[in-house]
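Each chain, written out:
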Amino acid sequence: MLLFSVHALAMQHEGIAPLGAEGLESARAAAIADALENAALFNGASVKSASQKSGKSLSESSQVRGAPIGSYRKIKEWQSNGFLHVVVDVDEAAVELATTTATHAQRAPQCLGAEYKRKILVSHFWMQRPGQAGDLDRFPEGLQQEMLRKLYDSGGFLPQRAPSEAVFDFQPQYVDPILQPERVRELARRFATQFVIGGIVRDISTSGERYMMSYGNDVRVGERKLELNIPYINFTQVGIKATPESRRFEYELFVFDGISGALINRHRLAGKATGSVAQDNATSMGTEGFKETDFGRLIEAKLVEGAAKVMQDVSCIPFSARVTRVEKGRVYFDAGTTSGLAVGDTLQAYRVMPGNLPLAAASFDPSMSLGLPEEMAGNLNVIQVQPLFSVGVMSGSAVQVGDYVRLVGREKTK
């Protein structure tokens, strides 16, 4: 009986939430969520937190991600010193599931904040040799749209597209683009994204020939046809046509930090397709007809590879969002449940200071910079989340519109 009593007590957990202007129901929901998080944490779910010190200011960041809890029953609640307390009784089977899930999650360590979906902007793709795309309808636009889909399908991003807007200038006669950090920052501010990517299609040339029967007027760009000059059947336009045997696809991907404008990484990806590589000029990127060709399958694979490269580049960069409104002690910022934010997350608020940090060596591209200096403004505790924005309360200095919040610092184990 004593063992049973101890076991039963272990299934009861307390949660606390402030009694704010949103009323008792909102506080009760937050307190119950806190109790369920505590139940999961008690049985092994992970907590990730980080801290950073700047002068006399100490900043904290934390993610509380308890394993999922199933059924529960509220035992009691009371108010004390402006806080609502609740005690819930959690179903034993649900806690067992939470423990199993948390144990499994601990086998795959990851960076602090890696669970958040990052907002990313896909800008215009340049063509180094536009004449190679004569058989491809609106190829740069289609490539941009398909990259957006690959980033979304990866599960780590909330992507947007900037139609006809490039993140850098490029002259086809030169190898490298002209990087402009301020343009990166302007696009990121306007589209409310943390990262910006752009690209250059370096090569989509064809090579070799293969021969096949041709009927009627089915010659595409890049193909040539020899008609059979046979009396009585010449009107059928039967002949032999030569079509390209293989085709390359090579593109370069540039990944930028939208807050500082700095270049994070650049990747060149290439491959070669053999078989069906010449396209009908009415066929567009992204259509099923295009994807069924050998050249379409090559592009599909290389875009998936590019999206994976972007994920590797940014997964350990601290998640950031921009402050959009400050009112009555509450701070609104442009990331919510779609990004993975949850009530109870603690973020650092900081302000970007004017003036680029210069490069150490003059041999580097003078249009590049190391980024922008920052000033810490305190900690922000998330008290409410909506699909596209969240609300928090500050502890520390005042925060203003245009500042940023993020998870940052060295990870601590709890």
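Reference entry: report on the structure contained in this document.

Calculation criteria
- Residues numbered from 1 in each chain as written.
- Predicted model: local features only at pLDDT ≥ 70, side-chain atom pairs only at ≥ 80, totals over all residues.
- Heavy atoms only, no water.
- Helix = DSSP H or I, 4+ residues; strand = E, 2+ residues; numbered from the N terminus.
- Buried < 20%, exposed > 50% of the residue type's maximum accessible area, 1.4 Å probe, protein only.
- Salt bridge = Lys/Arg side-chain N within 4 Å of Asp/Glu carboxyl O.
- Lys, Arg positive; Asp, Glu negative; His and termini not counted.
- Polar contact = N/O pair within 3.5 Å; in protein donor to acceptor, adjacent residues only side chain to side chain.
- Contact = heavy atoms within 4.5 Å.
- Phe/Tyr/Trp six-rings, centres within 6.5 Å; stacked < 30°, edge-to-face > 60°.
- Core = buried A, V, L, I, M, F, W, Y, C linked by side-chain atoms within 4.5 Å.
- Pairing = 2+ DSSP bridges.
- Axes fitted to C-alpha atoms, helices over the stretch in contact; angles between N-to-C directions.
- Right-handed = clockwise from strand over helix to strand, strands pointing away.

Remarks on the overall build of the protein chain
- When helices and strands are tallied, the protein chain shows seven helices and 19 strands.
- Per-residue burial for the protein chain yields a buried fraction of 43% across its 414 residues.

Focus: the pattern of salt bridges
- Under the criterion given, the structure shown has 25 salt bridges.
- Here Lys-74 ties to Glu-77 by a salt bridge, and the two come within 2.9 Å at their closest N and O atoms.
- We classify Lys-74 as partly exposed; its relative accessible area is 36%.
- You can call Glu-77 partly exposed: its relative accessible area is 28%.
- A salt bridge links Glu-252 to Arg-268; the nearest nitrogen and oxygen atoms lie 3.2 Å apart.

Examining the side chain of Asp-334
- Looking at the secondary structure, you find Asp-334 in the loop between β14 (330-333) and β15 (346-352).
- The side chain of Asp-334 is buried and forms no salt bridge, while Lys-119, the nearest opposite charge, is found at 4.7 Å.
- Only 2.8 Å separates the side chain of Asp-334 from the backbone nitrogen of Arg-322, close enough to count as a polar contact.
- Once residues within four sequence positions are removed from consideration, Asp-334 is found in contact with Lys-119, Ala-192, Ala-321, Arg-322, Thr-324 and Leu-388.

Comments concerning the packing of aromatic side chains
- All chains considered together, the criterion is met by 10 aromatic pairs.
- Between the aromatic rings of Tyr-350 and Tyr-404, the centroid separation amounts to 5.8 Å while the plane-to-plane angle is 25 degrees, which identifies the pairing as stacked. Placement of the pair is Tyr-350 in strand β15 and Tyr-404 in strand β18 (residues 404-406), with a sequence separation of 54 residues. The exposure classification of Tyr-350 matches that of Tyr-404, with both residues buried.

Things to note about the nonpolar core
- Counting 32 residues, the largest nonpolar core has Phe-139, Met-147 and Phe-249 as its most contacted members.
- Elements represented by at least two residues in this core include exactly β6 (118-127), α4 (139-153), β8 (195-203), β11 (239-257), β12 (263-274) and α7 (294-314).
- The element best represented in this core is α7, accounting for seven residues.
- For Phe-249, the residues in contact, after removing those within four places along its chain, are Phe-139, Leu-143, Val-201, Asp-203, Ile-204, Leu-269, Ala-270, Gly-271, Phe-295, Leu-298, Ile-299 and Lys-302.
- Formed by 17 residues, the second largest nonpolar core is a distinct cluster that contains Phe-319, Val-323, Phe-333 and Leu-347.

Observations concerning the sheet that holds strand β1 (residues 12-18)
- Taken together, the three strands give an open sheet; going across it, the order is β1-β5-β4, and neighbouring strands pair in antiparallel fashion. Only two strands of the sheet have a single neighbouring strand rather than two, namely β1 and β4 (72-80). In this sheet, neighbouring strand axes are inclined to one another by 20 degrees on average, regardless of whether the strands run parallel or antiparallel.
- In the sheet, β4 pairs with strand β5 (residues 83-90) via eight bridges, with the strands oriented antiparallel. Opposite Glu-77, over in β5, you have Val-86 as the bridge partner.

Brief notes about the pairing of strand β7 (residues 157-161)
- Two elements, β6 and β7, share five bridges in a ladder whose sense is parallel. Following the sheet pairing, Val-122 is matched in β7 by Arg-161.
- Regarding the hand of the β-α-β motif, the stretch spanning β6, α4 and β7 is right-handed.

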